[in-house]
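Now for the letters of each chain:
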Amino acid sequence: MSELATRATVTSASAKAPAKPVRWLRLAAWLALLALLLVLPLYLGAEWLKAGQWMMTGAVGSIGLTMLVGQAGQLSLAHAFFLLMGGTTYTVLASGTEDGRVIGFELNPLFSMVSAIVVTALLGLAFAPVSGRLRGIYLGVASLSLVFIGLYFGQSADRLTGGTSTGRTPAPFELFGITFDNSGGLVVLGVPFRQAEKMWYLYLALTVIAFVLARGAVNSRVGRSWRAVRDHEASAAAMGVSVARAKAGAFAVSSAYAGLAGVMTVLWFDILKPDENEFGTYGINVSIAYLAMVIIGGLGSIGGALVGALIVFGLPQVLSLYSTQLGIFTGSGEGAFTPILVSTFVYGAAIILVVLFEPGGLAAIGRRITGGLHRERKKEGTSR
Amino acid sequence: METFLQLVVNGLGKGAVYALLALGFVIIFKATEVINFAHGSLVLFGGYLVVVTRESLGWVGASLVGIAGAGLLAVVIERLLLSRSKLADPHSLALLTIGVDVIVVEELVRRLGVGIPFLGEAWDAKPIQVGGITLFRTHLVAMLVAAVLITAFYLAFKFSNWGVAMRAQAENREAAALMGIRSRGVTMTAWLVAGMLAGVAVLFLATQDFSGAGLSRGTHAIALAAFPAAILGGLDSTVGAVVGGLVVGLVEALSAQYISFDFSKSAVFLVMLLVLVIRPSGLFGTREITRV
């Protein structure tokens, strides 16, 4: 994996400061994308906005995972566990007790969200004794155990999670007196905002913050230490990088991102419902789906993680929306090709194709399209 | 005491099946350094073939088809996909097998639909009473078959030409190739054997005695428990695979009884974590040494 990741991020490492015009062009492209995302709610229907929110949930989670897997070189299949922990922490802190069936504190939603991020980061740190000692596939399988622990937690701690049969409702997110749910309408500059629009902007804001912070981390001293540890632990240590700290830090950061994605997940479903078996909202399949986003996007590439989320989490949404319009994939029951099944095939195939033909993932393809300049620099970088 | 003995017997019976699966991981890892995340889909594929063909071929014929089919699928995956990407390192190939697994499992689950057929017709759910202990036939047959197969593999590994070639390749790929060992053939047979072991294992997995459930997505999930078995034994140790399998079987049986059934799945993984923290390369695995 390290080889794959090295190739994927060689540009960001060796050509950190591209020529000025390219940098401005790239910034302009990002700003244009942001502007597009800001005006989209005015044109899209609520169901499309809902689909978009789900993709943004995936984006936040996969940005976290790509830093861990691609930048720090630690394979993790534990993402689903941290999603569950983040979602549970938010729900327990922000929601009420519902007739004493569950524990709830009715605290400020923003505080609850931040707490969820802190709690998951700490849980990620608590895994350091394991993550620091293991490498590669051993770590991947070891982290899988967290998913099973999460499964047991969901089943047994029903005072916190609401239990596998009923689950519990998370309190809606509130900020500046605006409630992000169905109640009441908000009018800004004469444009009425419904629930889907508000949630869209909330999710967009969270995604942008997550994206910018991740870019900052990757381009800073922290990111360099992660890559150094990924490429060669012994030489990183020789150069004065604290290997244990870098590894634990990467795991904590990635878990914090997963925690936020977990909060977004429960808000999106409007229910926290732990899984009955290992295949569900917080199961192995979800861990694999997040890993798929990261691989398809190109290990270590933050932008690639966004595209990966678009494919892995977006495709089932878009397919099911189109299927009702066009009458495809509408079959249900035995032997039917459901949108989820079809998109699972697609991302499974995408993983295979990426590993076989383009280890840098979609990010590398994007780079090839956007700049011959980059490629020249990359060649320079590797021949040196 | 009787309960305890009963649990140990059950645990060892299940453990024998886990050992077969874990051995599959180990064989592939030794030959190619790839972790086969698609092992669960080989299990499911073997079982699916049994279900499809047993009407016309009978149970014995169908089982043979299932075992051969699982082995063949493993070879196809290796030849068609893994051998094509010469540049990719073992870790990325492991990720590739995740992609394969996702596709094969989803398609097989779609084909199986809602019916969850049981596979172990010849022995399923016919317990034998010995003293106060109930012996499940599935467990008995599994132990017997596992003992025979694992011994046969061990002997072949130690004494046959294939075993020598395999060990040479596990030791040093390039040097083995230079000595005239065909890495292609060794790799292919490793995948074939591992796949066939998965095909044998599924005959025990999808029975009433083992899981109480038939062939379904759940079978794939049970096969996942062989992961901790292979890892805690040490990925490159055949002895480790057997010990790991038995440990997983025992931990599962004992924790289901004395703690709770829900906890037994996590218990297996927790034991694996504990072993890994103490010995990062498993109980019998070779230690990785970093040279600077």
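- Chain B is annotated in an unreviewed UniProt entry as Branched-chain amino acid ABC transporter permease from Amycolatopsis methanolica 239.
- One UniProt comment on chain B, placed under Subcellular location (unreviewed entry), says "Cell membrane".
- On record in UniProt, under Sequence similarities (unreviewed entry), the comment for chain B is "Belongs to the binding-protein-dependent transport system permease family. LivHM subfamily."

- As recorded in an unreviewed UniProt entry, chain A goes by the name Branched-chain amino acid ABC transporter permease, listed as coming from Amycolatopsis methanolica 239.
- Per UniProt, chain A has the following entry under Subcellular location (unreviewed entry): "Cell membrane".

**Section: the overall build of chain A**
Item 1. Helix and strand counts for chain A come out as 19 helices and four strands.
Item 2. Looking at chain A as a whole, 54% of its 384 residues qualify as buried.
Item 3. Within chain A, counting contacts between residues at least 6 apart in sequence, those at least 24 apart form 75% of the total.
Item 4. For chain A, the accessible area works out to roughly 16000 Å², and carbon and sulfur atoms hold 66% of it.

**What to know about the environment of B:Ser260**
Item 1. For B:Ser260, the location among the structural elements is in the loop between helix 10 (238-258) and helix 11 (261-278).
Item 2. Of the residues examined, B:Ser260 reaches a relative accessible area of 22% and is grouped as partly exposed.
Item 3. Discounting chain neighbours no more than four positions away, the residues touching B:Ser260 are A:Tyr152 and B:Ser255.

**Concerning the UniProt feature "transmembrane region" (unreviewed entry) in chain B**
Residues and elements named next belong to chain B.
Item 1. UniProt's entry tags residues 12-29, 34-51, 57-81, 133-157, 188-206, 218-235, 242-261 and 267-286 with the feature "transmembrane region" (unreviewed entry), counted in the numbering of this structure.
Item 2. Between the first and last C-alpha atoms of residues 133-157 the distance is 36 Å; the span itself is 84% helix and 12% strand.
Item 3. For residues 267-286, the end-to-end C-alpha separation is 25 Å, with 60% helix and 0% strand making up the annotated structure.

**Re helix 8 (residues 217-224) of chain B**
An α-helix turns once per 3.6 residues; consequently, residues spaced three or four apart project the same way.
Residue and element names in this part refer to chain B.
Item 1. Of all eight residues making up helix 8, six are buried, and the element is well covered by its neighbours.
Item 2. Buried within helix 8 are the following residues: Thr-219, His-220, Ala-221, Ile-222, Ala-223 and Leu-224.
Item 3. Its side-chain oxygen 3.1 Å from the backbone nitrogen of Gly-218, Ser-216 forms the N-cap of helix 8.

**Focus: the packing of aromatic side chains**
Item 1. Applying the stated criterion across every chain, the model contains 16 aromatic pairs over all chains.
Item 2. The interplanar angle of 5° and the centroid separation of 4.7 Å between the aromatic rings of A:Trp54 and A:Phe313 together place this pair among those described as stacked. Of this pair, A:Trp54 sits in helix 3 (residues 46-71) while A:Phe313 sits in the loop between helix 15 (302-312) and helix 16 (314-326), placing them 259 residues apart in sequence. Each member of the pair, A:Trp54 together with A:Phe313, is buried.
Item 3. Judged by centre distance (4.2 Å) and plane angle (15°), the rings of A:Phe148 and B:Phe269 are stacked. Of the two residues, A:Phe148 sits in helix 7 (residues 136-156) while B:Phe269 sits in helix 11, which places them in two different chains. Each member of the pair A:Phe148 and B:Phe269 is classed as buried.
Item 4. Aromatic rings pair up to connect A:Trp54, A:Trp268, A:Phe269, A:Tyr290 and A:Phe313 into one cluster.
Item 5. Between the NZ or CZ atom of B:Lys14 and the centre of the ring of B:Phe210, over which it lies, the distance is 5.3 Å.
Item 6. A cation over a ring is seen here: B:Arg167 above B:Phe157, with NZ or CZ 5.8 Å from the ring centre.

**Quick notes on the side chain of B:Lys30**
All names here are of chain B.
Item 1. Mapped onto the elements, Lys-30 comes out in helix 1 (residues 2-32).
Item 2. Buried charge without a partner: Lys-30 forms no salt bridge, and the closest opposite charge is Asp-236, 5.7 Å away.
Item 3. Other than its neighbours up to four places away in sequence, Lys-30 contacts Phe-157, Met-166, Ala-170 and Asp-236.

**Describing a nonpolar patch on the surface**
Residues and elements named next belong to chain A.
Item 1. Together, Leu-33, Leu-36, Leu-38, Val-39, Leu-42 and Tyr-43 line one region of the surface with nonpolar side chains, adding up to about 590 Å² of accessible area.
Item 2. Mapped onto the elements, Tyr-43 comes out in the loop between helix 2 (20-39) and helix 3.
Item 3. On the accessibility criterion, Tyr-43 (69% relative accessible area) is exposed.

**Observations regarding the packing of helix 3 of chain A against helix 15 of chain A**
Residues and elements named next belong to chain A.
Item 1. Their axes nearest at 8 Å, the elements helix 3 and helix 15 cross at an angle of 140°. When the axis of helix 3 is compared with that of helix 15, the two are oblique. Considering the relative orientation of helix 3 and helix 15, their crossing is right-handed. Here Met-55, Gly-58, Ala-59, Ser-62, Ile-63, Thr-66 and Met-67 of helix 3 come into contact with helix 15, specifically with Ile-302, Ala-305, Leu-306, Ala-309 and Leu-310.

**Concerning the packing of helix 4 (residues 137-159) of chain B against helix 7 (residues 183-205) of chain B**
Helices that pack against each other are described as a pair by the angle of their axes relative to one another and the distance between those axes.
All names here are of chain B.
Item 1. Between helix 4 and helix 7, the shortest axis-to-axis distance is 10 Å and the interhelical angle comes to 165°. Classed by the angle they form, the pair helix 4 and helix 7 counts as roughly antiparallel. For helix 4 against helix 7, the interelement crossing comes out right-handed. Along its contact with helix 4, which presents Thr-138, Val-141, Ala-142, Val-145, Leu-149 and Phe-153, the element helix 7 presents Val-193, Leu-197, Val-200 and Phe-204.
Item 2. Residue classes in the contact of helix 4 with helix 7 are distributed as nine nonpolar, one polar and no charged.

Each value, and the rule that gives it
Residues numbered from 1 in each chain as written. Chains lettered and ligands numbered in written order. Predicted model: local features only at pLDDT ≥ 70, side-chain atom pairs only at ≥ 80, totals over all residues. Heavy atoms only, no water. UniProt positions renumbered as here; feature names shortened; annotations may be inferred. Helix = DSSP H or I, 4+ residues; strand = E, 2+ residues; numbered from the N terminus. Buried < 20%, exposed > 50% of the residue type's maximum accessible area, 1.4 Å probe, protein only. Contact = heavy atoms within 4.5 Å. Areas by Shrake-Rupley, 256 points an atom, 1.4 Å probe, with all protein chains shown as cover. Polar contact = N/O pair within 3.5 Å; in protein donor to acceptor, adjacent residues only side chain to side chain. Phe/Tyr/Trp six-rings, centres within 6.5 Å; stacked < 30°, edge-to-face > 60°. Lys NZ or Arg CZ within 6 Å of the ring centre and 35° of its normal. Lys, Arg positive; Asp, Glu negative; His and termini not counted. Salt bridge = Lys/Arg side-chain N within 4 Å of Asp/Glu carboxyl O. Patch = residues over 30% accessible without salt bridge, like charges linked within 9 Å, V, L, I, M, F, W, Y side chains within 5 Å. Axes fitted to C-alpha atoms, helices over the stretch in contact; angles between N-to-C directions. Parallel < 35°, antiparallel > 145°, perpendicular 65-115°, else oblique. Left-handed = near helix turned anticlockwise from the far one by under 90°. Nonpolar A, V, L, I, M, F, W, Y, C, P; charged D, E, K, R; others polar.

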